[in-house]
Amino acid sequence: MNFHFSPVGSCRQNDNVAYETKGAAIQPDSPIFVTKPFLPPLEEFKEYLENIWTSRQLTNKGNYHEVFERKLSEHLGVKYVSLFSNGTLALISALQALRITGEVITTPYSFVATTHALHWNGIKPVFCDIDPKTYNLDPNKIEAAITPKTTAIMPVHVYGTPCDVDRIQDIAGIYGLRVIYDACHAFGVTQENKSVLNFGDLSVISFHATKVFTTFEGGAIISHDEITKRRIDFLKNFGFAGETTVVAPGINAKMNEFQAALGVLQLKHIDRSIQERKGISEYYKKHLGGIPGVSFCEQLPGVKYNYSYFPIFIDNDTFEKSRDEVYDDLKKRNIFSRRYFYPLISQFPTYRGLDSARPGNLPVAERVTQEVLCLPIYPGLNESDVLKIVSIISGQE
């Protein structure tokens, strides 16, 4: 059966996506990027914009903000959602909300915003190595990184693969530590039918344009009790607890009505969008699987994934080309894969002077960062372009 992609901005109504090779690949007329934001049909969004124009309420907990917060909570299966203008401010505010100080154990294998959020709070990041199969923070290495100054653990659900949440929570319980998950890759991910956002003290998600679910920019903190949510909401609005009462040194991190309105509309399309991503992921695995030196993320049992990324890992000793040579081959053909995450956060000048940033402390992360290559995956990706990517990597072109 041939497969058909929808144009960006609209998903097929048929969720049963099959991917089969058809004919010869063609040279793309335009660049193929690692991702493109899914946007709903513009006609659907116009009604929302007209309502905003009529109300003249652009921010400060407008109608769409309140509706989105409620509907998002229901969709994700979580109790409390606090919307933010972006995920980085949500991370910074989550640390503030729990009054985290001292040292925080985290991963070097993430986008740099994870560690920047610590730095902006005056917190020292302590890098811990990653698991060789999930690429998440390795629970076996966490305890050795704990010092008397450690106050929290900040793991990342890398590529949407859940961390070992039970073991991390056990360690946190023994040492009296808080756990804040950077869940920016994990929108909609569940494990044993439970949202991964329900673990830890707080979870932070992102709605950036590169994410599975986007509101142009945006983010949220998931909390588990009303008191914590109230404190978070104070912090994101300058610390105001009333018209004339400021209870904390907050910032302006509120989500505006345009972002919230798009979020409400996006919820109507997100399931079909993820289904299309799943089909592309399965196609890649079918046609790249079995190639010596090319491997994929391990699929954990009981997990419902969101297919936010499709990373492959190229063993430079086994595959006929290095990761960077494959990256260059794709780029020469106007295909822009990304090396998420290269370099490691611990290798950036801001952090490489830390004792925990020493390469010898992070052997798995140091290896994986040299092997990873994320391939294009997004709703609307053309069949012939997917075939071309596969052909280039497998050496058939």
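Relevant structure appears above.
Residue indices follow the written sequence of each chain, beginning from 1 at its first position. Reporting of local features is limited, given that this is a predicted model, to residues whose pLDDT is at least 70; pairs of side-chain atoms are given and counted only at 80 or more, and all residues count toward the totals for whole chains, interfaces and linings. Only hydrogens and water are set aside when side-chain values are computed; all heavy atoms of the structure are taken into account.

K.L.:
Can you help me understand the packing of aromatic side chains in this one?
P.N.:
We describe a pair of aromatic rings using the distance from one ring centre to the other and the angle between the two ring planes. Each Phe, Tyr or Trp ring, with Trp reduced to its six-membered ring, pairs with another whose centre is within 6.5 Å; inter-plane angles below 30 degrees give stacked pairs, above 60 give edge-to-face pairs, and intermediate values give tilted ones. On inspection of all chains with the given rule, the structure shows 22 aromatic pairs. Summarising the aromatic geometry, the rings of Tyr-109 and Phe-341 are spaced 5.4 Å apart at their centres and angled 90 degrees between planes, so their arrangement reads as edge-to-face. Taken together, the residues Tyr-109 in the loop between strand S3 (103-106) and helix H4 (113-120) and Phe-341 in the loop between strand S16 (335-336) and helix H11 (363-368) connect sequence positions 232 residues apart. Accessibility assignment for this pair places Tyr-109 and Phe-341 in one class, buried. Between Phe-187 and Phe-213, the aromatic rings sit 4.5 Å apart at their centres with planes inclined by 5 degrees, giving stacked as the arrangement. In this pair, Phe-187 is assigned in the loop between strand S6 (178-182) and strand S7 (190-191) and Phe-213 in the loop between strand S9 (202-206) and strand S10 (219-223), connecting sequence segments 26 residues apart. Here the aromatic residues Tyr-109, Tyr-135, Tyr-159, Tyr-309, Phe-313, Tyr-340 and Phe-341 are joined through ring pairs into a cluster of three or more. Criterion for a charge above a ring: Arg CZ or Lys NZ at most 6 Å from the ring centre, at most 35 degrees from the ring normal. A cation sits over an aromatic face here: Lys-194 above Phe-199, 4.8 Å from the ring centre. The secondary structure listing takes helices from DSSP runs of H or I that are at least 4 residues long and strands from runs of E that are at least 2 residues long, numbered from the N terminus. Burial classes: relative accessible area under 20% of the type maximum marks a residue as buried, over 50% as exposed, and values in between as partly exposed (1.4 Å probe, protein chains only).

K.L.:
Quick question: what am I supposed to make of the sheet that holds strand S8 (residues 194-195) here?
P.N.:
The pairing criterion is simple: DSSP has to find at least two bridges between the two strands. Spatially, three strands are ordered S8-S7-S14 in an open sheet, and the strand pairing comes out antiparallel. On the outer flanks of this sheet lie S8 and strand S14 (303-304), each paired with one strand and no other. Looking at chain direction, S7 and S8 are connected through two bridges and run antiparallel. Bridge pairing in S8 places Thr-190 opposite Ser-195.

K.L.:
Hey, could you run me through the nonpolar core in this one?
P.N.:
Nonpolar side chains tend toward joint burial in soluble globular proteins. Counting residues in hydrophobic clusters, the biggest one holds 62 residues, and the most contacted among them are Phe-68, Phe-207, Tyr-284 and Leu-375. Contacts are residue-level and defined by heavy atoms, with any inter-residue pair within 4.5 Å sufficient. With residues up to four places along the chain from it excluded, the contact list for Tyr-284 reads Gly-289, Phe-296, Phe-310, Leu-375, Pro-376, Leu-381, Val-386, Ile-389 and Val-390. Buried Ala, Val, Leu, Ile, Met, Phe, Trp, Tyr and Cys residues form a nonpolar core when they are joined through side-chain atoms within 4.5 Å.

K.L.:
I keep staring at a nonpolar patch on the surface and nothing clicks. Help me out?
P.N.:
The grouping of Phe-238, Phe-240 and Val-246 at the surface amounts to a nonpolar patch, some 260 Å² of accessible area in total. Note that Phe-238 resides in the loop between helix H7 (226-235) and strand S11 (240-242). Residue class for Phe-238 comes out partly exposed when judged on its relative accessible area of 39%. Only residues whose relative accessible area exceeds 30% and that form no salt bridge enter a patch; like-charged residues are grouped when within 9 Å of one another, and nonpolar side chains (Val, Leu, Ile, Met, Phe, Trp, Tyr) when within 5 Å. The accessible surface values rely on the Shrake-Rupley method and a 1.4 Å probe; as for residues, cover is taken only from the protein chains in view. A pairing counts as a salt bridge when a side-chain nitrogen of Lys or Arg comes within 4 Å of a carboxyl oxygen of Asp or Glu.

K.L.:
Looking at this model, I keep getting lost on the sheet that holds S6. Mind explaining?
P.N.:
Adjacent strands of a sheet pair through backbone hydrogen bonds, lying either parallel or antiparallel. Taken together, seven strands build an open sheet; the order of strands is S2-S10-S9-S6-S5-S3-S4 and the sheet is mixed. Lying at the two open borders of the sheet, with one neighbouring strand each, are strand S2 (80-84) and strand S4 (124-127). Strand-to-strand twist in this sheet, taken as the mean axis angle between neighbours without regard to direction, amounts to 25 degrees. Pairing geometry for S6 and S9, over three bridges, is parallel. Paired with Tyr-181 across the bridge in S9 is Ser-203. To obtain an axis, a line is fitted to C-alpha atoms, over the contacting stretch when the element is a helix, and the angle between two such axes runs from 0 to 180 degrees between their N-to-C directions. With respect to the sheet, helix H2 (residues 63-76) is in contact with S2 and S9, its orientation differing from that of S2 by roughly 130 degrees. Sheet contacts for helix H3 (residues 87-97): S2, strand S5 (150-154), S6, S9 and S10; angle to S9, the most-contacted strand, approximately 165 degrees.

Everything listed here is a matter of geometry and, on its own, says nothing about what the molecule does.
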